[in-house]
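Read off the chains here:
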Amino acid sequence: MAADFDPTATPTDPKTRIPLTLERVLLAAAMGAMALITAANVLTRYLSNISLAFTEEYSVALMVVVAMVGTALATAGGRHIRIGFFADKLSPNRRRIAEIMALGLLIICFALILWYGARMVWDEYDFEVLSPGLGHPQWLYTICLPLLAILVIGRATGRIIRLARGEEG
C-alpha cells in the first residue's frame, strides 16, 4: 500500500541462518574501493593532467560485485523489485505463493548466470585471455560473476524456505 510507505523507516533484517553481515561488509568494501579509485583518478587528473585510465578495469569489476551482492541482500530481505499493484490485491496465502514462484524464477535466472558465467571463466582461463588495460588474466575479474550468483541463489533458496514455513510473508 502506497499510504503505508515510510521512507524514514529502517527495514528489519529477516531471521536468516547465515547473518547478512558478510554481504554488508563486502558491499561496503567494494563501494569504498570504488570511491577511493575514483577519487584518486580525479585528484591525479586535476593535479597532473594525467588520467589513471587503467582504474576502469577495477571499477567495472567492483560494480559487478556491488550489483550482485546488492541483489543477494535485497533477495534475502524481500526487498527485490516486484509489481506490488497486483501482489497487494492477493490474499496473504496467494501472495506467499506468488513470492515463492518469483523467487523460483530468480533462481533459474541466476542459475543461468552461474552456468554461462562459469563457462566464460573457463574459456578465459583456457585461452589465456588478458584484460585489455592492464594485461591481467581476465578470468580473475570474471570469476566473481558465477561465485556471487551462488550467493544470490543461496539467499533466494533461504527466503523460499522461510516463506514455505510461514516465518515471513
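Structure: above.
Report follows, based on the coordinates. Note that this is a predicted model, so its numbers are computed, not measured.

1. What to know about the overall build of the protein
The secondary structure content of the protein amounts to six helices and zero strands. The linear arrangement of helices and strands in the protein, starting from the amino end, is α-α-α-α-α-α. Computed over its C-alpha atoms, the radius of gyration of the protein comes to 20 Å, more than 25% above the 15 Å expected for a compact globule of 169 residues. With respect to the three principal axes, the spread of C-alpha positions in the protein is 60 × 40 × 30 Å. Pairs at least 24 apart in sequence give 73% of the contacts found in the protein among residues at least 6 apart. A total accessible area of about 11,300 Å² is found for the protein, and carbon and sulfur atoms account for 70% of it. Averaged over its 15 positive side-chain charges, the protein has a centre that lies 12 Å from the centre of its 14 negative ones.

2. Focus on the pattern of salt bridges
This structure, assessed with the given rule, holds three salt bridges. As a salt-bridge pair, arginine 159 and glutamate 99 come within 3.4 Å of each other at their nearest N and O atoms. Here arginine 159, found in helix α6 (residues 144–165), pairs with glutamate 99, found in helix α4 (residues 92–126); they are 60 residues apart in sequence, far enough to count as distant. Classification of arginine 159 by relative accessible area gives buried; the value is 7%.

3. A word on the packing of aromatic side chains
Given two aromatic rings, their pairing is described by the distance between the two centres and the angle made by the two planes. A complete count under the given rule lists four aromatic pairs for this structure. Relative to tyrosine 125, the ring of tryptophan 122 lies with its centre 5.6 Å away and its plane at 35°, an arrangement referred to as tilted. Of the two residues, tryptophan 122 and tyrosine 125 are both situated in helix α4; the distance of three residues between them amounts to about one turn of the helix. The partly exposed category is assigned to tyrosine 125, whose relative accessible area is 45%.

4. Thoughts on the packing of α4 against α6
For the pair α4 and α6, interaxial distance at closest approach is 8 Å and the crossing angle is 160°. It follows from the interaxial angle that α4 and α6 lie roughly antiparallel. Crossing angle aside, the handedness with which α4 passes α6 is left-handed. Along the lines of polarity and charge, the residues of the contact of α4 with α6 split into 21 nonpolar, three polar and three charged.

Cut-off values and rules
Residues numbered from 1 in each chain as written. Predicted model: local features only at pLDDT ≥ 70, side-chain atom pairs only at ≥ 80, totals over all residues. Heavy atoms only, no water. Helix = DSSP H or I, 4+ residues; strand = E, 2+ residues; numbered from the N terminus. Rg over C-alpha atoms; globule rule 2.2 N^0.38 Å. Contact = heavy atoms within 4.5 Å. Areas by Shrake-Rupley, 256 points an atom, 1.4 Å probe, with all protein chains shown as cover. Lys, Arg positive; Asp, Glu negative; His and termini not counted. Charge placed at Lys NZ, Arg CZ, Asp CG, Glu CD. Salt bridge = Lys/Arg side-chain N within 4 Å of Asp/Glu carboxyl O. Buried < 20%, exposed > 50% of the residue type's maximum accessible area, 1.4 Å probe, protein only. Phe/Tyr/Trp six-rings, centres within 6.5 Å; stacked < 30°, edge-to-face > 60°. Axes fitted to C-alpha atoms, helices over the stretch in contact; angles between N-to-C directions. Parallel < 35°, antiparallel > 145°, perpendicular 65-115°, else oblique. Left-handed = near helix turned anticlockwise from the far one by under 90°. Nonpolar A, V, L, I, M, F, W, Y, C, P; charged D, E, K, R; others polar.

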